[in-house]
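# Structural characterization, general
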Amino acid sequence: MTTSAIDLEKVFKAGVAAYREGDYEQAIALLNRLTRLGSRTYWLKASMGLVQVYTAQQRWADARAQCQEILQKTSMPAPQTWAETTLLSIDRQVAEATAAASDSATNKDQSGFRPIEPDSQVIRPNSQAIKRSISHFRTVDPLSEPRSVSKEPNALAAPDEISELQVSMFHYTYLNDEAERTAIGTKSTTEPGTANESYLWTYGDRLPRGRSLGRARQGAIRIAQLGSAIAIYFLLRLLIHRLVALVNSCLAFLDRILPFWIHALPGVFRDVTWPLLIVLLAITIASPWLWDLILRLFADRQKFSISQLRAHSPESASVISRYCRGRRWSLPTLWTLPTDIPLLFSYGWLPRNARLIVSKGLLSELREDEIAALCAYELSHWSSWHWPLLSIHGLFLQILHQTYWQLVLWGNMQKPPLKWTAGIAANFSYGLFWLVRLPGLWVARVRTYYGDRTATEITGNPNALIRGLAKLSFGLAASVERQGYTPNWVESLGLLMPVQADLARQSLYGHWPLSELFAWDSKNPLRNWMDFLDSHPPLGDRLCAIAAYAKHWKLTPEIAFATSSRIKGGLSKQNWQRLLRQGTPYLGLVIGATIGTALWGIGAIASLVEWPVFDWMHRDIGLFQCCLLLGVGIGSLLRINCFFPDLSLSMSLSDALPEWVCHPGLLPVDGLPTKLTGTILGRPGIANWLGQDLYLRSPFGLVKLHFFSITGPLGNLLNRSKTPRMLQGESVQVLGWFRRGAQPWLDVDKIRLGNGRLLTAGHPLYSLMIAAVATGLGLWLLLKSTGHTG
């Protein structure tokens, strides 16, 4: 069973408490247990703790052995320096103890020689200063002792005294900072000399040419593309109907107040079934040229040929030529985008009018075989129906997102009246973008596995595909960090790109083993339940499947995933319990719908047998709605306490984010109390009225922020002066809950500014309000239904 990060922290704190109380045997037992649980960060803490406990007991041999183990098992400079310094200290103390024993035996010093005093920087292992330094352990528990905070109004948190940091053998406030910064790097991009080469790629072997992996079942992709096509059509139909109804309401209002007669829209706009189908067909045919126009106007697309591609990646040019020639396709039209952001996507509705787009950033950041593998991934889609479907869907999304972005660019330069108007229109377009995006998520996720498999068969190089996908994901995340917000092309092209930006792991890349980096994606049994709002499945899950293809061909995969990483069979009872705990409101909705349907059935049967006591239940739609609302409301109420653990501004700064990102057992419902310092980043001005793009630049890289007011996300628009988007560029402390889903984020509770002012979010109150409103409305409908029958 996987041990949660909260359990690890509890064991660690219990060991510290035992040490403080002088119960050394209990401390040793707890810390030894912690070293066996396989947690990287807590192994280091526990090992250092054992050194301290052994030293306090004057068990010099055990302390030396533990220091030697730290030196052997970690390559991070800070822990190694600490262990070496501690070994020297132990040697000096042993020598001093030996000399003291010798003096005691002779009762006097015949030579007058006095042993050299120990270095003033080294304190005795049983000194009070060492025990006091334990209070500076950086933990996530609100009950931990608070760090000293500066009383100056413009200080966020005063650092510990330098002298105390230097003298303490157990100074975790200092050592954890240095160890973690060494482990993850203070920069998000890997520079020469900063990354651990053993944690990078091995550039494993490959087949000389492509080879079939056998016939793949097509049922999942067929169902996904059919379901997505139907959902897109009905969503567009609904939006048109709502728009027509809104326009007619406005026209009717004008007709009442104006002296002349204003006609409503004709009936042809009310039944849009055939007109919509005709328009969709026309847009489908014209879509490649409409895409070309958008890229020319807003992305400065440039001509690119196979020969030019060959200069960057000869294998890519060969793969495209060979694959198209083998199927008697025309060579695709190639475009390049002059941006440092690594981009690769394709669009069209037939292979003969296919467009393949690559950016300068992709060509410069990836190796030749990695570019070829990603090009093969794009080629793999062109003979499937989901490719034209996503091309058309992506075109609609691009129009909505470009409308939003161009209004933002224009509105941010205007004065308030025009700026507010542009902001309202831009964020309305952004809301439509996210709504229209939803029907395409299913097919976009499912197609990635088929694309990965086919790309591996085309190139015979699964290792290059593993590297290409991971590096592309990290490159997209690096572009977010460089700009301080998500570039518009990274977001708007999400459905068409091979991967999405991986902010959480980008700062760890090159500093943690790759198998640990993707542990959550490949080992968490509930990972595929956590990505229903993402455009791509967990990247580690895909890489694990590609690594299996490499093993099938007797190749050594780039990442050594465990053989049990791929889930086989159903979920265990414990996993189902955790899933239900995570989705309690949705479970309440299902239970409510089931009860409502059962009551409706009982009413229908009662109507057939002429039993008037119950026959009303199949005619009262309010009863069914009541069951749904009560299910959602009660489910939300049951989840609030576990979803929002207690927080305190006095809690210590959190230092285990890398551990949490890689921990394979966490879920969003395991909200870990977190306190971080950093700088608020995000899109500027009216581009961020909804708080849709907020980040904290922390010592652990960029952390995605979710800020909910009491009225939910719309509260960010209604009360813009009290949202973190107004704090961009400011240094702050953020208190909240770390949630590990497919993409980790920090659910904000409070933000403390440098001047001491607090900005408070309201996600718990918002959830409580939703639960109360749903429950209250459900009870009102129930009373109304029973009153009507009475």
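Because the structure is predicted, anything quoted here is derived from the model rather than measured. (Residues numbered from 1 in each chain as written. Predicted model: local features only at pLDDT ≥ 70, side-chain atom pairs only at ≥ 80, totals over all residues. Heavy atoms only, no water.)

## Focus: the overall build of the protein
- When its secondary structure is counted, the protein shows 29 helices and 10 strands.
- Here the protein, with 790 residues, has 53% of them falling under the buried criterion.
- Of the contacts made within the protein by residues no fewer than 6 positions apart, 73% connect residues no fewer than 24 positions apart. (Helix = DSSP H or I, 4+ residues; strand = E, 2+ residues; numbered from the N terminus. Buried < 20%, exposed > 50% of the residue type's maximum accessible area, 1.4 Å probe, protein only. Contact = heavy atoms within 4.5 Å.)

## Quick notes on the pairing of strand β4 (residues 355–359)
- The element β4 is extensively covered by neighbouring structure, given that five of its five residues are classed as buried.
- On β4, burial covers both faces: Arg-355, Ile-357 and Ser-359 on one face and Leu-356 and Val-358 on the other are all buried.
- Where strand β2 (residues 333–337) and β4 come together, five bridges link them in parallel fashion. When the sheet's bridge partners are listed, Leu-334 is paired in β4 with Leu-356.
- Examined bridge by bridge, strand β3 (residues 344–347) and β4 share four bridges and lie antiparallel to one another. (Pairing = 2+ DSSP bridges.)

## Re unusual backbone geometry
- Even without being glycine, Tyr-203 reaches a positive phi, approximately 50°.
- Residue placement: Tyr-203 occurs in the loop between α8 (172–184) and α9 (219–257).

## Considerations on the confidence of the model for the protein
- On average, residues of the protein carry a pLDDT of 82, and 83% of them reach 70 or more.
- Below a pLDDT of 50 lies the segment residues 107–194, which in the model reaches 166 contacts outside its immediate sequence neighbourhood of four places, other chains included. (pLDDT = per-residue confidence, 0-100.)

## Quick look at helix α2 (residues 24–35)
- In this model, α2 (12 residues) spans 16 Å end to end at C-alpha, consistent with the 16 Å of a helix rising 1.5 Å per residue.
- Of the positions making up α2, those classed as buried are Tyr-24, Ala-27, Ile-28, Leu-30, Leu-31 and Leu-34. (Expected span 1.5 Å × (residues − 1).)

## Considering the nonpolar core
- Counting residues in hydrophobic clusters, the biggest one holds 162 residues, and the most contacted among them are Phe-345, Leu-476, Phe-518, Leu-543 and Ile-751.
- Top element by residues in this core is helix α15 (residues 386–411). It accounts for 11 residues.
- Those residues in contact with Phe-518, other than ones at most four positions away along the chain, are Ala-470, Phe-474, Asp-502, Arg-505, Leu-539, Gly-540, Leu-543, Ile-559 and Phe-561. (Core = buried A, V, L, I, M, F, W, Y, C linked by side-chain atoms within 4.5 Å.)

## So, the pattern of salt bridges
- On inspection of all chains with the given rule, the structure shows 23 salt bridges.
- Residue Asp-655 is joined to Lys-45 by a salt bridge in which the shortest nitrogen-to-oxygen separation is 3.5 Å. Note that Asp-655 is positioned in the loop between α26 (621–643) and α27 (657–662) and Lys-45 in helix α3 (residues 40–56), a separation of 610 residues in sequence.
- Residue classification places Asp-655 among the buried positions, given a relative accessible area of 2%.
- A salt bridge links Asp-292 to Arg-355; its shortest N-O distance comes to 2.9 Å. Of this pair, Asp-292 sits in helix α10 (residues 273–298) while Arg-355 sits in strand β4, and the two are 63 residues apart along the sequence.
- Note on Asp-292: relative accessible area 7%, which makes it buried.
- Within this structure, Arg-367, Asp-369, Glu-370, Arg-467, Lys-471 and Glu-558 form a network of salt bridges that share partners. (Salt bridge = Lys/Arg side-chain N within 4 Å of Asp/Glu carboxyl O.)

## With respect to empty space enclosed by the protein
- The final tally for this structure, using the stated rule, is five cavities of 30 Å³ or more.
- In this structure, the largest cavity occupies an estimated 80 Å³ of space.
- Looking at the lining of the largest cavity, its residues break down into five nonpolar, four polar and four charged. (1 Å grid on protein atoms, 1.4 Å probe; cavity = no way out; pocket = protein on both sides within 12 Å on 5 of 7 lines; lining within 4 Å. Points joined across faces, edges and corners; volume = space filled by probe spheres on them. Nonpolar A, V, L, I, M, F, W, Y, C, P; charged D, E, K, R; others polar.)

## Observations regarding the sheet that holds β2
- Here we have four strands laid out as an open sheet, ordered β1-β2-β4-β3, and mixed in their pairing. Taken across any chain shown, the strands that pair with only one partner, and hence form the sheet edges, are β1 (302–304) and β3. Taken pair by pair, the neighbouring strands of this sheet meet at an average axis angle of 30°, ignoring direction. (Axes fitted to C-alpha atoms, helices over the stretch in contact; angles between N-to-C directions.)

## Quick word on the pairing of strand β5 (residues 672–682)
- For β5, the buried fraction is high: nine of the 11 residues fall into the buried class.
- Here β5 runs beside strand β6 (residues 694–698); their pairing, made up of four bridges, is antiparallel. Bridging from a neighbouring strand, Leu-681 pairs with Tyr-695 of β6.

## As for the packing of helix α25 (residues 584–608) against α26
- The contact between α25 and α26 brings their axes to 7 Å, and the two run at 155°. In terms of their interaxial angle, α25 and α26 are classed as roughly antiparallel. The chirality of how α25 crosses α26 is right-handed. Facing Thr-584, Pro-585, Gly-588, Leu-589, Gly-592, Ala-593, Ile-595, Gly-596, Thr-597 and Leu-599 of α25, the residues of α26 in contact are Leu-623, Phe-624, Cys-627, Leu-628, Gly-631, Val-632, Gly-635, Ser-636, Leu-638 and Arg-639.
- A class-by-class count of the residues in the contact of α25 with α26 yields 11 nonpolar, eight polar and one charged. (Parallel < 35°, antiparallel > 145°, perpendicular 65-115°, else oblique. Left-handed = near helix turned anticlockwise from the far one by under 90°.)

## Concerning helix α23 (residues 539–552)
- End to end, α23 covers 20 Å across 14 residues, agreeing with the expected 20 Å (1.5 Å per residue, within 8%).
- Among the 14 residues that make up α23, 11 are buried, leaving the element largely enclosed by the rest of the structure.
- Every buried residue belonging to α23 is among Leu-539, Gly-540, Asp-541, Arg-542, Leu-543, Cys-544, Ala-545, Ile-546, Ala-547, Tyr-549 and Ala-550, and all of these are buried.
- Note on α23: the residue one or two positions beyond its end, Lys-554, has a positive phi of about 65°.

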